[in-house]
Amino acid sequence: MEKNKKNVGKIIALVVSIVVIITAALLIIFLPKNQTPKAVMELNVNPNVQFLLDQNNKVMAVNYLNDDAQTLLKDTNFNGKSAEQAAQLFVKLSTEAGFIEISTSGTRVDVTIFCETPEELTQLKDKIIEKINYYFDENGVIAGAVVNITNNVNDAIQKIGIQAKDTIDKTNQELLELYNETSKDIKDIALCFQNELITFIQDLKDNAFSDMVALEDRIDSLMEQIENSNIADEIKQELQKQLDTIKTEYNKRVDEFNKYIQDKIDELKEKSEEIYNQARKQLQQHKQNCKQLIEQHKEYFRNNKEDIQNAINEYRESLTA
């Protein structure tokens, strides 16, 4: 009997261990991973879109730069896709909806990558070109990708409504962080309402919550004094009390500020639904209009594969000339 109890105890312990291991593994797989914005990838063939890329060149945010991009991409989930996968999916969807003409005599897909260190992304450039061109090759579309890399992140960030004055004296990494925060604010808000939100936020900063800047400066000043080794401990203790009081006041203002913004975001998201519903109808119409043309082109491509591939190669040579 005692032996049986020991065996049961061992089995229970083993089961518990397995459950713990499985749970830990699932947490590692499914818990959100820390993402650091590394670059902005912009694609343009008329639908004009930007993808914010993380440190692993995976998509962490999408911003539409024109109405066609919003119509085309609103219901497509790009998050977590590699830059090259997102680029290929973009041209695929653009072709299926007729933004890239299936029987074109030559369409150029412009891709610009804005980042802090362009030299680190040369391999990514090659991957993007390869992935986009592979789709065109497989479908007999006379088109090709041209990718440029620049460290002028400021150009990318102003295209989503951030004012030039808010970018002054910021490093490229700070600009990418600002781009990330702005992307979160305007997510799921229709393009026609995004400037309204950004203007609303700026007005709050300049007027009702202008005191927050002074509080931030005071906090920085007190922290600098407290860290000064030449100041006596008694004085530091008094400075710490002041710092704690000001931080409490500041945090209260931040909460109030965020509440105003969230209310505005909720309002604009609700208004955006009508825009998105209309965009869905337009997209279905675009696809329906292109369906027969795509089928006809596929048949033509099957019968004239060599000629079309030669035309594709000739067009791509003109892009690099």
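Quick look at the structure, then.

Reading the values: rules and limits
Residues numbered from 1 in each chain as written. Predicted model: local features only at pLDDT ≥ 70, side-chain atom pairs only at ≥ 80, totals over all residues. Heavy atoms only, no water. Helix = DSSP H or I, 4+ residues; strand = E, 2+ residues; numbered from the N terminus. Contact = heavy atoms within 4.5 Å. Salt bridge = Lys/Arg side-chain N within 4 Å of Asp/Glu carboxyl O. Buried < 20%, exposed > 50% of the residue type's maximum accessible area, 1.4 Å probe, protein only. Pairing = 2+ DSSP bridges. Axes fitted to C-alpha atoms, helices over the stretch in contact; angles between N-to-C directions. Core = buried A, V, L, I, M, F, W, Y, C linked by side-chain atoms within 4.5 Å. 1 Å grid on protein atoms, 1.4 Å probe; cavity = no way out; pocket = protein on both sides within 12 Å on 5 of 7 lines; lining within 4 Å. Points joined across faces, edges and corners; volume = space filled by probe spheres on them. Nonpolar A, V, L, I, M, F, W, Y, C, P; charged D, E, K, R; others polar.

**Quick word on the side chain of Lys-264**
Next up, step 1: For Lys-264, the position within the fold is in helix H9 (residues 233-303).
Next up, step 2: With sequence-adjacent residues up to four places away left out, Lys-264 is seen in contact with Glu-196, Leu-197 and Phe-200.

**Digging into the pattern of salt bridges**
Next up, step 1: In the structure shown here, the tally under the stated rule is 15 salt bridges.
Next up, step 2: Among the ionic pairs, Asp-188 bridges to Lys-187, the shortest N-O distance being 3.3 Å.
Next up, step 3: Note on Lys-187: relative accessible area 48%, which makes it partly exposed.
Next up, step 4: What emerges from the salt-bridge pattern is a single network uniting Lys-74, Lys-187 and Asp-188.

**Focus on the sheet that holds strand E2 (residues 48-54)**
Next up, step 1: Pairing is mixed across the open sheet formed by five strands, whose spatial order is E3-E2-E1-E4-E5. Among the strands making up the open sheet, the edge pair consists of strand E3 (59-64) and strand E5 (143-150). Each strand axis lies, on average, 20° off the axis of its neighbour in the sheet, ignoring direction.
Next up, step 2: Taken together, the seven bridges between strand E1 (residues 37-44) and E2 define a ladder with antiparallel strand orientation. Residue pairing for E2: Leu-43 is matched across the bridge by Val-49.
Next up, step 3: Set on the sheet, helix H4 (residues 122-139) makes contact with E1, E2, strand E4 (107-115) and E5; between it and E5 the angle comes to about 165°.
Next up, step 4: Helix H10 (residues 305-320) rests against E4 and E5 of the sheet, and its axis sits at about 25° to E5.

**Considerations on the nonpolar core**
Next up, step 1: Ranked by size, the top nonpolar core spans 41 residues in total, and within it Met-41, Leu-43, Phe-51, Ile-128, Ile-132 and Phe-136 carry the most contacts.
Next up, step 2: Every residue in contact with Phe-51, bar those within four places of it in the chain, is listed here: Ala-39, Val-40, Met-41, Leu-43, Val-59, Ala-61, Val-62, Phe-78 and Ala-86.
Next up, step 3: Phe-114, Ile-160, Met-212 and Tyr-276 belong to the second largest nonpolar core, which has 39 residues in total.

**Focus on the layout of surface pockets**
Next up, step 1: The computed volume of the largest pocket comes to approximately 650 Å³.
Next up, step 2: Around the largest pocket, the lining comprises 22 residues; the ones closest to its centre are Leu-178, Asp-185, Ile-201, Lys-205 and Phe-257.
Next up, step 3: Mapped by element, the contributors of at least two residues to the lining of the largest pocket are helix H6 (172-186), helix H7 (191-206), helix H8 (211-226) and H9.
Next up, step 4: Here the lining of the largest pocket takes six residues from H6, the largest share from any one element.
Next up, step 5: Classifying every residue of the lining of the largest pocket gives 11 nonpolar, three polar and eight charged.
Next up, step 6: By volume, the second largest pocket amounts to about 440 Å³.
Next up, step 7: Those elements giving two or more residues to the lining of the second largest pocket turn out to be E3 and H6.

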